[in-house]
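Observations on chain architecture
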Amino acid sequence: DVFYMGFDEFKIKLYVLIFGILIGFTDAFDGFFARKLNESTKLGQILDPLGDFLMITCFTFLVFTQGIIEYWFFAAILLRIPGLFVMMIFYPIFKVPFKVLNSFLGKFTIAYLLIFLCLSLVALLFRGQLMNSGSRYIYFLRILQMIGSVLMVVSFVEKCRQFYNYMIDYKRAM
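The shown structure was predicted, so the numbers you read here are calculated from the model rather than taken from an experiment.

A word on the overall build of the protein chain. When helices and strands are counted, the protein chain shows six helices and zero strands. Put simply, the protein chain runs from its N terminus to its C terminus through helices and strands in the order α-α-α-α-α-α. Relative to all contacts within the protein chain whose residues are 6 or more apart in sequence, the contacts with residues 24 or more apart total 77%.

In structure tokens form, the structure reads like this:
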């Protein structure tokens, strides 16, 4: 409960929420302006997704350890997000000439997860009011977790299909 929690603890949670929202906005504006001004570098193509992966992973750990998200959704995020990052590192190391292409579905899934995590941080901030037994916010977050899970599975299948098609074309070219 905000009124019973120490003011310093409330301030820290508020700063985390503000920080998360600012990160999301700066990431969105950075990508928007990079595309609008046609400014893209190899380093930027690596650092932008890396920043997204680290941010999502850190905030996911935070809300999971505070009991805001379900264990299965936590596991799904940790399989999906770091898994893609490992793939991004794996291909250049083993000289697999495959580039993971961005898609609308992939970008939408990441944006959805970021918005969900911000809503989870709100729940962390106002735990007493929003997360009590029978609260509609709990059910709202559970529904959002189910939708997020479907998005992650569908976008993962899209990446697998993309890789499979690449390998078929790669074998034909040899």
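Back to the text.
All right, on to the environment of Leu 113 then. On the secondary structure map, Leu 113 appears in helix α4 (residues 104–125). The class for Leu 113 is buried, based on a relative accessible area of 1%. Distance from Leu 113 to Gln 145, taken between C-alpha atoms, is 9.0 Å for residues 32 residues apart in sequence. Among residues more than four places away in sequence, those in contact with Leu 113 are Ile 56, Phe 73, Ile 77, Ile 81 and Met 152.

Before going further, it helps to examine the pattern of salt bridges. What the rule picks out here adds up to two salt bridges. The residue Glu 70 makes a salt bridge to Arg 142 at a minimum N-O spacing of 3.0 Å. You can see Glu 70 sitting in the loop between α2 (42–65) and α3 (71–93) and its partner Arg 142 sitting in helix α6 (residues 136–173), a full 72 residues away along the chain. By relative accessible area, Arg 142 is classed as partly exposed at 34%.

Evaluation of the coordinates by the stated rule reveals six aromatic pairs. Consider the rings of Phe 61 and Phe 74, whose centres lie 5.3 Å apart with planes at 75 degrees: the pair is edge-to-face. Of this pair, Phe 61 sits in helix α2 while Phe 74 is found in helix α3, placing the two residues 13 residues apart along the sequence. Phe 61 sits in the partly exposed class, given a relative accessible area of 39%.

The next point concerns the nonpolar core. Counting residues in each nonpolar core, the largest one holds 29 residues, and the members touching the most others are Ile 56, Phe 73, Ile 77, Ile 81, Leu 113, Phe 116 and Leu 141. Put simply, the parts of the chain that give this core at least two residues each are α1 (7–36), α2, α3, α4 and α6. Setting aside chain neighbours within four positions, we find Phe 73 in contact with Leu 113, Phe 116, Gln 145, Gly 148, Ser 149 and Met 152.

Running from N to C, α4 and α6 cross one another at 160 degrees; their axes reach a closest spacing of 10 Å. Classified by the angle between their axes, α4 and α6 sit roughly antiparallel to one another. Of the two elements, α4 crosses α6, and the hand of that crossing is left-handed. From α4, Leu 105, Gly 106, Phe 108, Thr 109, Tyr 112, Leu 113, Phe 116, Leu 119, Ser 120, Val 122 and Ala 123 reach across to α6, where they touch Tyr 137, Phe 140, Leu 141, Leu 144, Gln 145, Ile 147, Gly 148, Leu 151, Met 152, Val 154, Ser 155 and Glu 158. Grouping the constituent residues of the contact of α4 with α6 by class yields 16 nonpolar, six polar and one charged.

Once that is clear, we can look at a nonpolar patch on the surface. A surface patch of nonpolar side chains, about 620 Å² in accessible area, is lined by Ile 21, Phe 25, Phe 29, Phe 32, Phe 33 and Leu 37. Within the fold, Phe 32 resides in helix α1.

Moving on, we come to the environment of Ser 155. If you trace the backbone, Ser 155 turns up in helix α6. According to the relative accessible area criterion, Ser 155 is buried, its value standing at 0%. With 50 residues separating them in the primary sequence, Ser 155 and Leu 105 have C-alpha atoms 6.1 Å apart.

Conventions used here
- Residues numbered from 1 in each chain as written.
- Predicted model: local features only at pLDDT ≥ 70, side-chain atom pairs only at ≥ 80, totals over all residues.
- Heavy atoms only, no water.
- Helix = DSSP H or I, 4+ residues; strand = E, 2+ residues; numbered from the N terminus.
- Contact = heavy atoms within 4.5 Å.
- Buried < 20%, exposed > 50% of the residue type's maximum accessible area, 1.4 Å probe, protein only.
- Salt bridge = Lys/Arg side-chain N within 4 Å of Asp/Glu carboxyl O.
- Phe/Tyr/Trp six-rings, centres within 6.5 Å; stacked < 30°, edge-to-face > 60°.
- Core = buried A, V, L, I, M, F, W, Y, C linked by side-chain atoms within 4.5 Å.
- Axes fitted to C-alpha atoms, helices over the stretch in contact; angles between N-to-C directions.
- Parallel < 35°, antiparallel > 145°, perpendicular 65-115°, else oblique.
- Left-handed = near helix turned anticlockwise from the far one by under 90°.
- Nonpolar A, V, L, I, M, F, W, Y, C, P; charged D, E, K, R; others polar.
- Patch = residues over 30% accessible without salt bridge, like charges linked within 9 Å, V, L, I, M, F, W, Y side chains within 5 Å.
- Areas by Shrake-Rupley, 256 points an atom, 1.4 Å probe, with all protein chains shown as cover.

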